[in-house]
There are 2 protein chains.
Amino acid sequence: MRKPATIRDVAREAGVSVAVVSRVLNDGTGPVAPQTRAKVVETIERLGYRPRAAARELQQRTTSTIGLVLADLANPFFARLADRVVWEARARGVHVVLLTTQEDPHLEAESIDTLVERSVASVIATPAGDNVEKWARLIDLGIDVVFVDREIEGLEEIDVVTIRNDVSAEVAASHLIGLGHRRIGFISGPADTSTGRDRVTGFRRALQGAGLTADEDLIHHIPFRGDAGSDAVGALLNAAEPPSAIIVGNTAQVRSALRRIKQSDVRVPEDLSLVVFDDNPWTELVSPPLTVIRQPIDMLAVHSVDLAVGRAKGLLPAQRRRVEVEAEFVRRSSTAPLTQHAPAP
Amino acid sequence: MRKPATIRDVAREAGVSVAVVSRVLNDGTGPVAPQTRAKVVETIERLGYRPRAAARELQQRTTSTIGLVLADLANPFFARLADRVVWEARARGVHVVLLTTQEDPHLEAESIDTLVERSVASVIATPAGDNVEKWARLIDLGIDVVFVDREIEGLEEIDVVTIRNDVSAEVAASHLIGLGHRRIGFISGPADTSTGRDRVTGFRRALQGAGLTADEDLIHHIPFRGDAGSDAVGALLNAAEPPSAIIVGNTAQVRSALRRIKQSDVRVPEDLSLVVFDDNPWTELVSPPLTVIRQPIDMLAVHSVDLAVGRAKGLLPAQRRRVEVEAEFVRRSSTAPLTQHAPAP
DNA sequence: TTGTAGGCGTTATCAG
DNA sequence: CTGATAACGCCTACAA
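Residues numbered from 1 in each chain as written. Chains lettered and ligands numbered in written order. Predicted model: local features only at pLDDT ≥ 70, side-chain atom pairs only at ≥ 80, totals over all residues. Heavy atoms only, no water.

Turning our attention to the sheet that holds strand β7 (residues 219-221) of chain A. Residues and elements named next belong to chain A. One open sheet holds the six strands; their spatial order is β7-β6-β8-β9-β10-β12, and the pairing between them is mixed. Looking at the sheet topology across the chains shown, the edges are occupied by β7 and β12 (328-330). Ignoring which end each strand starts from, the neighbouring axes of this sheet average 15° apart. Examined bridge by bridge, strand β10 (residues 291-294) and β12 share three bridges and lie antiparallel to one another. Residue pairing for β12: Val292 is matched across the bridge by Val330. Where helix α8 (residues 165-178) meets the sheet, its contacts fall on β6 (184-188), β8 (245-248), β9 (273-277), β10 and β12, and the angle it forms with β9 comes to roughly 170°. (Pairing = 2+ DSSP bridges. Helix = DSSP H or I, 4+ residues; strand = E, 2+ residues; numbered from the N terminus. Axes fitted to C-alpha atoms, helices over the stretch in contact; angles between N-to-C directions. Contact = heavy atoms within 4.5 Å.)

Rendered as C-alpha cells:
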C-alpha cells in the first residue's frame with residue numbers, strides 16, 4: 001500500500017513547478033513548452049499519477065459528478081434508464097452517484113442532503129414525494145435539477161424530461177375503444193404523482209371523445225411498491241360488471257397484475273384485452289405477447305444528461321426547459337376486438 | 001443562488017471557533033459543553049449548513065464512497081444487485097458511484113482510473129476483462145476490491161462473493177438427468193470468464209457422475225452481450241441429433257435464447273426441457289413458467305458491502321476472504337421427464 | 001514560458 | 001472544555 005503520488009511529486013521528479021504540471025493536466029489553462037510537456041507527461045505516466053478529485057473539487061466550486069436519484073432499480077424501467085444515464089454521462093466525462101429512494105419521501109430527503117454535501121454539479125431525479133423545499137434548496141445552492149419521468153408541482157426552475165403521459169394513455173384507450181371495448185379498467189400510479197394523474201387524464205379524454213362516461217369503479221390509483229396490482233386486478237375481475245379490457249398504467253405493478261390474471265381463468269385476449277405501460281425485455285416473451293406503450297428510454301436519458309450537464313456548465317438559457325418525447329404504441333397480441341362474452345369452458 | 005455556508009460561517013454565527021463546530025459535527029472527536037453544542041446545532045440548522053464532502057475527503061485520507069463497477073444494468077440480475085448494494089451501502093452511511101463497463105475491458109480500465117481519482121474507499125465489481133495490473137494498482141493504493149458474481153485470476157488480495165457456480169450447474173444437470181435426459185445442451189458465458197467456465201465444469205461433473213460423456217457440440221460458450229443466445233439455440237435445435245434439454249447458464253442470454261425457442265415449433269417441456277440461470281421477475285410469467293437457478297441477490301449484496309466497508313475501515317483480518325452463498329434450484333414447469341420424441345403436429 | 005504563494009473547507013494537533 | 005493553526009492536494013493569479 002503505497003501512498004499515491006501528488007502533483008508535487010510529479011513536479012519534483014520532472015524538475016518543474018507544480019504550476020506547469022497543473023497546466024499540462026488541464027491543458028488550455030496556460031502555455032507549456034512542448035518538450036516540457038513531454039517530460040511531464042512521461043513522469044505522470046511513470047509515477048502512475050492521477051489528480052485527486054477531492055482536492056480539485058475543493059478548489060473549484062463545482063464537480064464532474066452528477067447525482068442520479070431513482071425510485072427503484074429493481075424496476076426494469078428505472079434500471080435501463082440508469083444504464084443509459086450512466087452511459088451518456090460517461091460520454092461527457094461525468095460520473096454518477098446513484099441513490100435510490102424506494103419511493104420513500106424521507107429517504108429522498110436524505111438523498112438530497114447527501115447530494116448537497118457532495119456538491120454535485122447537477123441532479124437527475126424521479127421525484128417521489130413532495131420534498132418541495134428540499135429541491136428548492138438544491139436549486140438555491142446552484143445545483144441544477146432535472147426531473148425525469150415524473151415531476152412535482154411548486155418548482156419553477158426545474159427542467160423536466162418525460163413522455164406525454166396523457167396522450168400515451170389516450171392512445172392506448174382509443175385503441176381499445178376502436179376494438180369495440182366499452183368498459184375499460186385503468187390501473188394507474190398514486191393520484192399524487194404526475195404520471196398517476198396524467199395517464200388517467202388521457203384515459204378519461206379518450207372515453208369522452210368516444211362519447212363514453214368513465215366508471216369510477218374501474219379506475220384504480222395504487223402505489224408503486226408492494227403488491228397492489230394483484231388486488232386491483234382482482235377487484236376489476238370480480239366487479240358486478242367486469243371490464244372487457246384493462247390498461248395497466250403503473251409500470252411497477254405490471255408484473256403483479258399479470259400474475260393475478262394468470263391465476264384467474266380469464267383468457268387474454270379472448271376474455272380480456274390488455275395494454276400495459278412500458279415495454280421491457282419480457283413483454284413479448286409471455287403468452288400472449290403484450291400490447292404496450294413503449295417509452296423511449298434512450299431519449300429520456302440523452303435529454304436528461306444533456307440538460308444536467310449543460311446547465312452545470314452554464315451553457316443553457318436560463319429558462320426552464322420541458323422536453324417531451326414520444327412514446328410508441330406497440331400492438332402485439334394481448335388486445336383483440338370485443339366479442340360477446342363467452343366464459344371459459 | 002446563494003453560496004453555501006461554511007464551517008467558519010457557523011462558527012462566527014454561533015460565537016465559537018471552527019474547532020468546536022467540527023467537534024459537534026463528528027462527535028466523539030473531542031469534548032463539547034452541552035450548551036455550546038446546542039447553540040452550534042441550532043446555528044447549523046438555521047444556516048442550513050452541510051459540511052462539504054470534498055474538503056473532508058481531502059483532509060482525511062479516505063472517503064465514504066464506494067465504487068460499484070457492473071457489466072450492464074440492463075441485465076435484471078445486475079440491476080437488482082445494484083439496487084441491493086445501494087441499499088445496503090446507505091444503511092452503512094456510504095455512497096455509491098456507479099460505473100458500467102458494458103463488458104468492455106477498455107471501459108473497465110477507464111473506470112478503474114476514475115475510481116483512483118475519486119479515491120473511493122473500496123470497490124465492488126464484476127470484472128469484465130483481464131485488467132489484472134489495473135486491479136492490482138487499486139489494491140496497491142490501498143483501495144480494497146471485492147469481486148462479486150465473477151472473478152479473475154492472478155489477484156491474491158481480492159475478496160470474492162459468489163454463488164457456487166459449478167455446484168449450481170451440477171444440480172441443474174442432475175435434475176435433468178434424473179428426468180431421463182441424456183443429451184443436454186449447455187449455453188454458458190465466455191470461456192474466459194469464471195462463471196462461463198465453472199458452470200460448464202459442474203455440468204460436466206454431473207454427466208460424468210451419471211456415466212454419461214459430454215458431447216462437445218452441445219456446449220456453447222457465447223458472449224454476454226449481443227444476440228448469440230438465439231444462434232446457440234438454433235445450432236442446438238438443428239443439430240443432427242438435437243438435445244432433449246437445454247440449460248442456459250448465461251443469464252444475459254436467456255431472453256435471446258427463449259425468443260428463439262418460441263419462434264421454433266418445439267414445445268416446452270414436451271419436446272424440450274429448459275433450465276435457466278437466474279430467476280427474475282418474469283420467469284414465472286412466461287409459458288410455461290421456467291425452472292431456474294435462483295441466485296440470492298440480497299446475500300450477494302450484503303456480503304459484498306460488508307466486505308467492502310469492513311475492509312475500508314480496516315476491521316477485517318488481512319487474509320482474503322471468499323464468500324460462497326447457496327443458489328436455489330427452483331423447479332417450475334419447463335422441465336419434464338424425457339418422453340419418446342413426438343414431433344409437434 | 002515558468003515559478004511562487006495563497007486559498008478552497010475540514011480535521012487534527014496543540015496550547016490555552 | 002475551547003481556540004489557533006498547520007496540513008490535505010490542487011488551481012490560479014501574479015511575478016519573474
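From this point, the narrative continues.
What follows deals with the nonpolar core. Leu81 and Ile124 of chain A together with Leu81 and Ile124 of chain B are the most contacted members of the largest nonpolar core, which has 60 residues in total. Contacts of Ile124 of chain A, omitting those with residues within four sequence positions, involve Ile66, Gly67, Leu68, Val69, Val85, Val146, Val148, Ser304, Val305 and Ala308 of chain A. Grouped together as the second largest cluster of nonpolar side chains are 48 residues, Ala228 and Val254 of chain A together with Ile187 and Val233 of chain B included. (Core = buried A, V, L, I, M, F, W, Y, C linked by side-chain atoms within 4.5 Å. Buried < 20%, exposed > 50% of the residue type's maximum accessible area, 1.4 Å probe, protein only.)

Below, the discussion takes up the pairing of β8 of chain A. Residues and elements named next belong to chain A. Side chains of β8 alternate between two faces, with Ala245 and Ile247 and Ile246 and Val248 buried alike. Pairing analysis gives four bridges linking β6 to β8, with the strands arranged parallel. Bridging from a neighbouring strand, Gly185 pairs with Ile246 of β8. Of the strand pairs in this sheet, β8 and β9 are connected by four bridges, and their pairing is parallel. Following the sheet pairing, Ile247 is matched in β9 by Val275.

Residues and elements named next belong to chain B. Per the counting criterion, the structure on display carries four cavities of 30 Å³ or more. In this structure, the largest cavity occupies an estimated 140 Å³ of space. Around the largest cavity, the lining is made up of 16 residues, and of these Phe78, Asp149, Arg150, Phe224 and Thr251 lie nearest the centre. Elements with a minimum of two residues in the lining of the largest cavity: α5 (76-91) and α9 (194-209). (1 Å grid on protein atoms, 1.4 Å probe; cavity = no way out; pocket = protein on both sides within 12 Å on 5 of 7 lines; lining within 4 Å. Points joined across faces, edges and corners; volume = space filled by probe spheres on them.)

Another aspect to go through is the environment of Ile152 of chain A. Residue and element names in this part refer to chain A. For Ile152, the position within the fold is in the loop between β4 (144-148) and β5 (159-163). Take Ile152: its relative accessible area is 13%, and that puts it in the buried class. Setting aside residues no more than four positions away along its own chain, Ile152 makes contact with Pro127, Gly129, Val132, Trp135 and Phe147.

Residues and elements named next belong to chain A. Within the fold, Lys39 resides in helix α3 (residues 34-47). When its relative accessible area of 40% is taken as the criterion, Lys39 is described as partly exposed. Spatially, the C-alpha atom of Lys39 lies 46 Å from that of Phe78, the residues being 39 residues apart in sequence. Not counting chain neighbours up to four residues away, the residues in contact with Lys39 comprise Ala14 and Val16.

What follows concerns the environment of Asp72 of chain B. Examined against the element boundaries, Asp72 of chain B turns out to sit in the loop between β1 (65-70) and α5. C-alpha separation for the pair Asp72 of chain B and Arg84 of chain B, spaced twelve residues apart in sequence, amounts to 15 Å. In this structure, Asp72 of chain B is in contact with Asp83 of chain A together with Phe78, Gln102 and Arg225 of chain B, ignoring residues within four places of it in sequence. A distance of 3.1 Å separates the side chain of Asp72 of chain B from the side chain of Arg225 of chain B, its partner in a polar contact. (Polar contact = N/O pair within 3.5 Å; in protein donor to acceptor, adjacent residues only side chain to side chain.)

Between chain A and chain B, the superposition needs a rotation of 180° and an axial shift of 0.0 Å, giving an RMSD of 0.0 Å. In the structure described here, the two chain copies are related by an operation that fits a two-fold rotation axis. Of the residues that chain A buries at the interface, 98% are likewise interface residues in chain B, meaning the two copies contact each other through the same surface. (Least-squares fit on C-alpha atoms with pLDDT ≥ 70 in both.)

A few words on the sheet that holds strand β9 (residues 273-277) of chain B. Residue and element names in this part refer to chain B. Taken together, six strands build an open sheet; the order of strands is β7-β6-β8-β9-β10-β12 and the sheet is mixed. Whereas interior strands pair on both sides, the edge strands pair on one side only; in this sheet they are β7 (219-221) and β12 (328-330). Taking each pair of neighbouring strands and ignoring which way they run, the sheet shows an average axis angle of 15°. The strands touched by α9 are β6 (184-188), β7, β8 (245-248) and β9; relative to β6, the strand with the most contacts, the crossing angle is about 165°. Where helix α11 (residues 254-263) meets the sheet, its contacts fall on β8 and β9, and the angle it forms with β9 comes to roughly 160°.

Evaluated as defined, the whole model comprises 58 salt bridges over all chains. A salt bridge links Glu170 of chain B to Arg205 of chain B; its shortest N-O distance comes to 2.9 Å. Here Glu170 of chain B is found in helix α8 (residues 165-178), whereas its partner Arg205 of chain B is found in helix α9, with 35 residues between them in sequence. The exposure class of Glu170 of chain B is partly exposed, given its relative accessible area of 22%. Arg183 of chain B serves as the salt-bridge partner of Asp215 of chain B, at 3.0 Å between the closest nitrogen and oxygen. Linking Asp215 of chain B in the loop between α9 and β7 with Arg183 of chain B in the loop between α8 and β6, this pair joins segments that are 32 residues apart in sequence. Several salt bridges converge on common partners, so that one network encompasses Arg50 of chain A together with Asp113, Glu117, Lys134 and Arg137 of chain B. (Salt bridge = Lys/Arg side-chain N within 4 Å of Asp/Glu carboxyl O.)

Another point: the UniProt feature "domain: HTH lacI-type" (unreviewed entry) in chain A. The feature "domain: HTH lacI-type" (unreviewed entry), as annotated in UniProt, sits at residues 5-60 of chain A in this numbering. The straight-line gap between the two end C-alpha atoms of residues 5-60 of chain A is 21 Å; of that span, 66% is helix and 0% is strand. (UniProt positions renumbered as here; feature names shortened; annotations may be inferred.)

Bringing the packing of aromatic side chains into the picture now. Residues and elements named next belong to chain A. Applying the stated criterion across every chain yields a total of six aromatic pairs over all chains. For the pair Phe77 and Phe78, a centre-to-centre distance of 5.3 Å together with 55° between the ring planes defines the contact as tilted. Residue Phe78 is classed as buried on the basis of its relative accessible area of 4%. Ring plane angle 35° and centroid distance 4.8 Å describe the contact between Phe186 and Phe203, whose orientation is recorded as tilted. A residue pair is termed long-range when its members are at least 10 positions apart, and Phe186 in strand β6 and Phe203 in helix α9 (residues 194-209) qualify at 17 residues. Classification of Phe203 as buried rests on a relative accessible area of 1%. (Phe/Tyr/Trp six-rings, centres within 6.5 Å; stacked < 30°, edge-to-face > 60°.)

Let us now look at the interface of chain A and chain B. With 57 residues of chain A at the interface, the matching set in chain B holds 57 residues. Counting across the interface, chain A meets chain B through ten salt bridges. For Glu110 of chain B, the salt bridge is made with Arg90 of chain A, and the minimal N-O distance between the two is 3.2 Å. Applying the counting rule to chain A against chain B returns 32 residue pairs in polar contact (both at pLDDT 80 or more). Looking at the side of chain A that touches chain B, the elements that each hand over two or more residues are α4 (53-59), α5 (76-91), β2 (95-100), α6 (105-117), α7 (132-140) and α11 (254-263) of chain A. For the side of chain A that touches chain B, the class distribution of residues is 25 nonpolar, twelve polar and 20 charged. As judged from the three bridges shared by β2 of chain A and strand β2 (residues 95-100) of chain B, these two strands associate in the antiparallel manner. Residue Leu98 of chain A lies in a different strand from β2 of chain B, and its bridge partner there is Val96 of chain B. (Nonpolar A, V, L, I, M, F, W, Y, C, P; charged D, E, K, R; others polar.)

Turning to the domain arrangement of chain A, a few remarks are in order. In terms of domains, chain A is made up of domain 1 (1-60), domain 2 (62-163 + 297-326) and domain 3 (165-295). Distance between the C-alpha centres of domain 1 of chain A and domain 2 of chain A: 33 Å. (Domains from an automatic or database assignment.)

Turning to the protein's contact with DNA strand C, a few remarks are in order. By nearness alone, 28 residues border DNA strand C, and Ser17 and Thr36 of chain A together with Ile7, Tyr49 and Arg56 of chain B come closest of all. Atoms of DNA strand C within 4 Å of the protein: sugar and phosphate make up 61%, bases the balance. Contacts to DNA strand C include Ala33 of chain A, whose backbone N or O atom sits 2.8 Å from a phosphate oxygen. Measuring from a phosphate oxygen of DNA strand C, one finds a side-chain N or O atom of Ser22 of chain B at 3.0 Å. Contributing elements (two or more residues each) for the surface near DNA strand C: α2 (18-25) and α4 of chain A together with α1 (7-14), α2 (18-25) and α4 (53-59) of chain B. Classifying every residue of the surface near DNA strand C gives 13 nonpolar, nine polar and six charged. (Near = heavy atom within 4 Å.)

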